[in-house]
Amino acid sequence: MKVNGEIIPVSDGLTVSSLLEQQGYQVSRIAVEVNREIIPKAQYDTHILHEDDVIEIVCFMGGG
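Residues numbered from 1 in each chain as written. Predicted model: local features only at pLDDT ≥ 70, side-chain atom pairs only at ≥ 80, totals over all residues. Heavy atoms only, no water.

As a further point, take the nonpolar core. With 15 residues, the main nonpolar core has Leu 19, Val 32, Leu 49 and Ile 55 as its most contacted residues. The set of elements that each furnish at least two residues to this core consists of helix H1 (16-23), strand E3 (30-34) and strand E5 (54-59). (Core = buried A, V, L, I, M, F, W, Y, C linked by side-chain atoms within 4.5 Å. Buried < 20%, exposed > 50% of the residue type's maximum accessible area, 1.4 Å probe, protein only. Helix = DSSP H or I, 4+ residues; strand = E, 2+ residues; numbered from the N terminus.)

As structure tokens, then:
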């Protein structure tokens with residue numbers, strides 16, 4: 001699986017929520033795209049990731 005341009009090993013049945021927890025992300029401050037499709041936060045617990053997925057995790061920043 002490729003996450004933000006970096007190949008990482010994955011286990012079968014990994015969900016978006018599990019990946020975010022493993023990578024140390026705060027769910028309230030991010031958006032997740034899997035294979036160029038934005039995944040709604042309501043689906044993070046049920047969306048199963050696959051070995052060949054390409055994932056982009058975008059963190060929101062405050063400021064002006």
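That was the structure; now back to the text.
Before going further, it helps to examine unusual backbone geometry. Positive phi values are uncommon outside glycine, yet Asn 4 reaches one of about 50°. Relative to the assigned elements, Asn 4 resides in the loop between strand E1 (2-3) and strand E2 (6-7). The exposure class assigned to Asn 4 is partly exposed, which follows from its relative accessible area of 34%. For Arg 36, which is not a glycine, the phi torsion comes out positive at approximately 70°. Within the secondary structure, Arg 36 sits in the loop between E3 and strand E4 (37-39).

Sheet analysis places E1 next to E5, joined by 2 bridges and oriented parallel. Looking at the pairing, Val 3 lines up with Ile 55 of E5. (Pairing = 2+ DSSP bridges.)

In short, the description is geometric, and any link to function would need to be established separately.
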